[in-house]
Amino acid sequence: MTDAHPHAPRQPSVTPRTLPIEEALRMPRIAIESIEPALEQGRFAAKAIVGQPVSVSAKIFTDGHEKLGTALLWHFEGEEGGHRVRLSERGNDNWQAQFTPFRVGRYGFVIAAWWDHYETFRYELTKKYDTGMPVGLELQEGRILLESTLQRAQGEARAALDEQLQLLRQAHDESEQLAILLGNEMAAAMGRLDEHAHLVRSAEFAIEVERPLAGFASWYELFPRSETDDPKRHGTFNDVCKRLPMIRDMGFDVLYFPPIHPIGRSFRKGPNNQLDAGPDDPGSPYAIGSEEGGHEAIHPQLGSREDFRRLVAAAAEHGLEIALDFAIQCSQDHPWLKQHPGWFSWRPDGSIRYAENPPKKYQDIVNLDFYTADAMPDLWLALRDVVAGWVAEGVKVFRVDNPHTKPLPFWEWLIADIRRQNPEVMFLAEAFTRPAMMARLGKLGFSQSYTYFTWRNLKDELEAYFTELNQPPLRDCYRPNFFVNTPDINPTFLHTSGRPGFLIRAALATMGSGLWGMYSGFELCESAALPGKEEYLDSEKYQIRPRDYAAPGNIIAEITQLNRIRRENPALHSHLGFKAYNAWNDNILYFGKRTPGLDNFILVAVNLDPHHAQEAHFELPLWEFGLPDEASLHGEDLMTGHRWTWHGKTQWMRLEPWHSPFGIWRIEPVT
């Protein structure tokens, strides 16, 4: 062994902790550990959906052989009183209980545990009697325990226990006494009067409960300005209204717009991100702000505020919610540059620092600086007021552009502040970044997030990612929204895969998560890309692009059916419940989604090869129903309605991309 470098800093020694006896005497004898759901020991709230059970679990144990009483105590934030339910022991010190939140908002829960003297007495009495040991002394101890408990009882609880004690005194023999002492009536009477010896409570943990749309929704993205039949005519909100029936009929719940605000003129980008825009080029909607206004304003060519309100109302009549983009960036013409220059970063030569993500440059966009003296707190409050203003217009869903490049404390404050007054408001994080940051945004309050699904194409990648999303901590803090494409991302897989590739990705997204989204043009299998890049040629971010939504080769019918299948099967209402099963072909992803009670069980098989048919033997998960390998299951193809019966565990499939590259089957035991 060599000595440390003579100039290396010395490590501080760790002084052993001295535990005073007074402190040891006050320490709990019961341990409550591994509480779930919990994020960073309760620092953040775990996520839940209103009306859906929340499962709470913990390891609870004590020294010796005492039986424990346990309780889950839960309450709605600000609610007087609360609710209580006993936990059930699941073996090996594991305990579990459920509660169902009844309204949107924040809940708190605590786990309590104590020595249950009477249950300990019943357990020991039963064990001794069953093994033939004499129990006369135990019966005497039982009467003493009841009588001492009666002395501190009052009211109805005292009357109930007194009645049981009288019956015990009148019992003629040992068997009658045993029947009374071990009966449910006696257990109920003593349970109401338990002294909760060595009572210990956990810290309080928070649950953020959101409406169902936060966990189950289909998103459709479009540029309102492209809802036109002429690239020289700017589309309007009124034009969008005409498309609402088609979007509804495809089965979408959320209609999402990129920024609808005035667009700056300075450094405006032309087609395909050219630096020089022509006089009629519309520019990027992400260059927010002009003399007509900023984030609170509407681009005048889209229509008036009244037009927008009519669109929100019309969308609601079609079962659609409007989602707006909240992009915290400004064009160089944004009114804030003149009104609040201290909110921005300036270079030594007096020029403003525009946005960059090398090698990408965004000369038409400048970023805000959240921590200048002028910005704190005025900028924070102004951005909060922008969101609150759109909420007042009926917008309850926001897609947030690049939240990972803005301060984390800002998001924690803003989301909590908005949801305190409007708990139904939801935020989707467009954060294609590092896993820890994506998870942190979920912990801070983002309802949903974009994901790595966009770049997961191989079987092992997809299985590993879907499984990871089903496990803590992501299970409790991160709701994945599987977007198949975006205006910024034209996935490489789709460039050469043709129509089968679009069907493959649609099936994976719709079946893999309760949340999925697509950007318009996907249903038309648009894939033309800038050479060597995952970007669209003639990107709609920089020009108006009318579309013929009835063009040959579209997959509108398939998307409609996929969304219908999702709605009709509760197992598909979440990314949770995923389990990969055996299919002996690396080009076929085969998995199941099921409800906790197995009353809805879906099998999904996807050929990941868009160019060739793939075959495989695969296993029916008979064991999930407690069935032997030779048992049978009813099957139904949810795309075609065809029904049949499978016999035995091992089966065979063939998936042809030119016919259908996937199978979606609902299964149930043969009765």
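Computed from a predicted structure; not experimentally measured. (Residues numbered from 1 in each chain as written. Predicted model: local features only at pLDDT ≥ 70, side-chain atom pairs only at ≥ 80, totals over all residues. Heavy atoms only, no water.)

**Observations regarding the overall build of the protein**
Secondary structure summary: the protein contains 17 helices and 28 strands in total. Expressed as lengths along the three principal axes of its C-alpha atoms, the size of the protein is roughly 105 × 70 × 70 Å. The proportion of buried residues among the 671 residues of the protein is 53%. The contacts in the protein between residues at least 6 apart in sequence include a share of 74% that link residues at least 24 apart. Element-wise, carbon and sulfur atoms account for 51% of the exposed surface of the protein, whose accessible area totals about 31,300 Å². Here the protein carries 69 positive and 91 negative side-chain charges, and the mean point of each set is 2 Å from the other. (Helix = DSSP H or I, 4+ residues; strand = E, 2+ residues; numbered from the N terminus. Buried < 20%, exposed > 50% of the residue type's maximum accessible area, 1.4 Å probe, protein only. Contact = heavy atoms within 4.5 Å. Areas by Shrake-Rupley, 256 points an atom, 1.4 Å probe, with all protein chains shown as cover. Lys, Arg positive; Asp, Glu negative; His and termini not counted. Charge placed at Lys NZ, Arg CZ, Asp CG, Glu CD.)

**What to know about the sheet that holds strand β26 (residues 643-647)**
Pairing is antiparallel in the open sheet, where 6 strands are placed in the order β21-β22-β23-β28-β25-β26. With one partner strand each, in any of the chains shown, β21 (578-580) and β26 form the two edges of the open sheet. Neighbouring strand axes in the sheet, compared pairwise and without regard to direction, differ in orientation by 30° on average. Contacts from helix α16 (residues 498-512) reach β22 (588-594), β23 (601-607) and β28 (662-669) within the one sheet, and its direction differs from that of β23 by about 155°. (Pairing = 2+ DSSP bridges. Axes fitted to C-alpha atoms, helices over the stretch in contact; angles between N-to-C directions.)

**Brief notes about the side chain of K406**
In this structure, K406 sits in the loop between β16 (397-401) and α11 (408-421). The side chain of K406 sits in the buried core without any salt bridge; D401 is the nearest counter-charge, 5.6 Å away. Looking at K406, its side chain comes within polar contact range of the side chain of T405, at 2.7 Å. Ignoring any residue separated from it by four or fewer positions in sequence, one finds K406 in contact with I328, F370, D401 and W411. (Salt bridge = Lys/Arg side-chain N within 4 Å of Asp/Glu carboxyl O. Polar contact = N/O pair within 3.5 Å; in protein donor to acceptor, adjacent residues only side chain to side chain.)

**Digging into helix α3 (residues 136-151)**
In a regular helix each residue adds 1.5 Å, so 16 residues correspond to 22 Å; α3 covers 23 Å between its end C-alpha atoms and thus fits that length. Listing the buried residues of α3 in full gives E138, L139, G142, L146, T149 and L150. What you see down the axis of α3 is that its buried residues fit within an arc of 120°, all on one side. Exposed and facing more than 90 degrees away from the buried side of α3 are L137 and Q151. Where α3 is buried, its residues meet α2 (117-130), α4 (155-170), α5 (174-181) and α6 (184-191). (Expected span 1.5 Å × (residues − 1). Arc of directions from axis to C-beta.)

**Structural notes on empty space enclosed by the protein**
Scanning the model with the defined rule gives 3 cavities of 30 Å³ or more in all. Empty space within the largest cavity amounts to approximately 90 Å³. Per-class residue counts for the lining of the largest cavity are 8 nonpolar, 3 polar and 1 charged. The space that makes up the second largest cavity amounts to roughly 70 Å³. Lining the second largest cavity are H261, H295, L324, D325, F326, A327, V386, V387, W390 and F398. Of all the secondary-structure elements, those providing two or more residues to the lining of the second largest cavity are β13 (321-326) and α10 (378-392). The class makeup of the residues in the lining of the second largest cavity is 7 nonpolar, 2 polar and 1 charged. (1 Å grid on protein atoms, 1.4 Å probe; cavity = no way out; pocket = protein on both sides within 12 Å on 5 of 7 lines; lining within 4 Å. Points joined across faces, edges and corners; volume = space filled by probe spheres on them. Nonpolar A, V, L, I, M, F, W, Y, C, P; charged D, E, K, R; others polar.)

**Some thoughts on the packing of aromatic side chains**
According to the stated counting rule, one finds 47 aromatic pairs in the structure shown. Taken together, a centroid distance of 5.7 Å and an interplanar angle of 35° make the contact between F252 and W516 tilted. With a gap of 264 residues between them, F252 in the loop between α7 (237-249) and β12 (254-257) and W516 in strand β20 (residues 515-519) connect regions that are remote in the sequence. Since its relative accessible area comes to 0%, W516 is described here as buried. Pairing F326 with W411 gives two aromatic rings, centres 6.3 Å apart and planes at 85°, and the pair type is edge-to-face. Remark: W411 occurs in helix α11 and F326 occurs in strand β13; sequence separation between them is 85 residues. For F326, a relative accessible area of 4% translates into the label buried. (Phe/Tyr/Trp six-rings, centres within 6.5 Å; stacked < 30°, edge-to-face > 60°.)

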